[in-house]
Structures are given as structure tokens and as C-alpha cells.
Amino acid sequence: MTVKPRIGVTVSNRGATMTWLAHWLAVKRAGGKPVRLSVNGKTDVDGLDGLVIGGGDDIGAGLYGGEPVPEVRIDPARDEMERKALDQALHREVPVLGVCRGSQMINVHLGGTLHQDMYSVYEGLPRMRTPLARKHITIRPTSQLARVMGAGRIAVNSLHHQSVAKLGQGVRVAARDAHRVVQATEHADARFLIGVQWHPELLPFRRRHQSLYRGLVEAARE
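Residues numbered from 1 in each chain as written. Predicted model: local features only at pLDDT ≥ 70, side-chain atom pairs only at ≥ 80, totals over all residues. Heavy atoms only, no water.

Describing the pattern of salt bridges
Side chains that carry opposite charge are capable of pairing whenever their charged atoms lie near each other.
So, point 1. The full count for this structure, using the stated rule, is 11 salt bridges.
So, point 2. Here Arg-14 makes a salt bridge to Asp-57, at a shortest N to O gap of 2.8 Å. Of the two residues, Arg-14 is situated in the loop between strand S1 (6–10) and helix H1 (17–29) and Asp-57 in the loop between strand S3 (50–53) and helix H2 (76–92); the sequence distance between them amounts to 43 residues.
So, point 3. Relative accessible area serves as the criterion here: at 39%, Arg-14 is assigned to the partly exposed category.
So, point 4. Its relative accessible area of 1% is what places Asp-57 among the buried residues.
So, point 5. The shortest N-O distance in the salt bridge between Arg-191 and Glu-222 comes to 3.4 Å. Taken as a pair, Arg-191 in the loop between strand S10 (182–187) and strand S11 (193–196) and Glu-222 in the segment after helix H5 (207–221) lie far apart in primary sequence, 31 residues in all.
So, point 6. Classification of Arg-191 by relative accessible area gives partly exposed; the value is 39%.
So, point 7. Taken together, the shared-partner salt bridges in this structure form one network comprising Arg-14, Asp-57, Arg-78, Asp-79, Glu-82 and Arg-101. (Salt bridge = Lys/Arg side-chain N within 4 Å of Asp/Glu carboxyl O. Helix = DSSP H or I, 4+ residues; strand = E, 2+ residues; numbered from the N terminus. Buried < 20%, exposed > 50% of the residue type's maximum accessible area, 1.4 Å probe, protein only.)

Below is the structure:
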């Protein structure tokens, strides 16, 4: 019997049941064994073959030199947990997929910054908040992301109000939307270190989006 790669998924301690179940299903369908990571549970990557940094809370602005904004919801304990998990994963070359907040956390952890309110930065950016695939982005054809899910235009969902600003060390843009907002990043030298600004776990019937989990699990098998 083939041993299924163990894939850790970080989630918030608050109201994360549906998020966890969506990632659980995506990882299972891709051939992996999902393991929940949270502040009040397992917090490290020991024994794991892959890692998903999930969405949810905003990231504390102090981690990237920004000024705190009172209306954002942050969880410093989760920030610290994910930073330690990323340290372990990067040291061991464990494949990592960042989802929404997770994409931002990867960038911040590698020295990058965020726009705390992208609507105040990108003029004319329409306010869109939907779990449905209604925003179109373009994936760079020479990117690692393109090798995983195909290049060109693709429809994604949108549940974020922050976005990547300055890129972290070794991080490059893999996709943008029509307003030039960064929608995906990857690390130039890593085997599998990809961050997407949307939520592929909420698009279970979209083959290209689910290929992100298949790519992660295949990298974890190696």
C-alpha cells in the first residue's frame, strides 16, 4: 500500500471549521493525508511531508514594519506559529502552498511587505468579495505556477483586502489581475513554494484550482 504524504494545514482558532473541511477534502482528493495545525493543537511540521498555510486572520503589521490598523483582525499567536512552521519547512525543503493569508505570510516571512488596504493603493480597483470564481487573473507562462495549473487567464475568487507590496527575498510574481494587483507568488529557487491570493479550497469542482493540491502532494511524495 502506498503511504499517503502527510500535509499540514494551518487554520485560525476562530470559526475555521468550514475552512478546515474544505482543505481536508482538497488534500484527500489529491492523495494526501491532511493534518490540522492550530495554536491550540499541533503547531510544528515534525512528521509532515507538505504544508498549507491557510487563510483567515490578517497578519500583524509589526512583522513587516507597517502601522497597526484597528479594524483588522489579527492573531499574534497564529503569526508566530506559522513563522516557526515556515522556518522548519524551508529548512527541510518541505513543499509549501500559501492560500490568501498564507501567500502573504510567505512573502512577509521572507522579508517582504503588504498593502494593508489594497483599495487605497490601486486606483479604480473594484470592491469584490465572493467565494465564486468571478475575478480574472493572468498566470505568467514561465512560472512554476504555470507548470502546476497552466498559464494564461483563469477565473478566481476574491476574499481579501490586503495584498503583496514589496517582494520578499527570492520571491517573484507568478500572476496578477487586470489592475496589476499581485495574485500569486513563488520562490525562484524552491522546489515547491507557491502562494496564491485566492481560495482554491472553495473551488472543489474546478480542475485547474485543484491541481495546486495535486502538485503539492506530488512534491511531498518526493
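Now that the structure has been shown, we can carry on.
Section: the side chain of Ser-211
So, point 1. Within the secondary structure layout, Ser-211 lies in helix H5.
So, point 2. Apart from residues lying up to four places away in sequence, Ser-211 is in contact with Val-148 and Met-149. (Contact = heavy atoms within 4.5 Å.)

Considerations on the pairing of strand S6 (residues 130–139)
So, point 1. In the sheet, S6 pairs with strand S7 (residues 152–158) via six bridges, with the strands oriented antiparallel. Across the sheet, Thr-138 pairs through a bridge with Arg-153, a residue of S7.
So, point 2. Here S6 pairs with strand S9 (residues 171–177) via three bridges, running antiparallel. Looking across to S9, one finds that Ile-137 is bridged to Asp-177. (Pairing = 2+ DSSP bridges.)

A closer look at the sheet that holds S11
So, point 1. Pairing is mixed across the open sheet formed by nine strands, whose spatial order is S2-S1-S3-S4-S11-S10-S9-S6-S7. In the strand order of this sheet, the two ends are held by strand S2 (33–37) and S7, each with one partner. Strand-to-strand twist in this sheet, taken as the mean axis angle between neighbours without regard to direction, amounts to 25°.
So, point 2. Running at roughly 150° to S3, H2 makes contact with S1, S2, S3, strand S4 (96–99) and S11 of the sheet. (Axes fitted to C-alpha atoms, helices over the stretch in contact; angles between N-to-C directions.)

Things to note about H5
So, point 1. In this model, H5 (15 residues) spans 21 Å end to end at C-alpha, consistent with the 21 Å of a helix rising 1.5 Å per residue.
So, point 2. For H5, every residue scored as buried is listed here: His-209, Gln-210, Ser-211, Leu-212, Tyr-213, Gly-215, Leu-216, Val-217, Ala-219 and Ala-220. (Expected span 1.5 Å × (residues − 1).)

Things to note about the pairing of S11
So, point 1. On S11, burial covers both faces: Leu-193 and Gly-195 on one face and Ile-194 and Val-196 on the other are all buried.
So, point 2. Bridge count between S10 and S11: three bridges; the pairing is antiparallel. What sits directly across from Ala-184, in S11, is Val-196.
So, point 3. Counting the residues between successive antiparallel strands, the hairpin from S10 to S11 contains five residues.

What to know about the environment of Val-148
So, point 1. Residue position: Val-148 is located in helix H4 (residues 144–149).
So, point 2. For Val-148, a relative accessible area of 21% puts it in the partly exposed group.
So, point 3. In this structure the C-alpha to C-alpha distance between Val-148 and Gln-169, which are 21 residues apart in sequence, comes to 22 Å.
So, point 4. For Val-148, the residues in contact, after removing those within four places along its chain, are Phe-192, Ile-194, Ser-211, Leu-212 and Gly-215.

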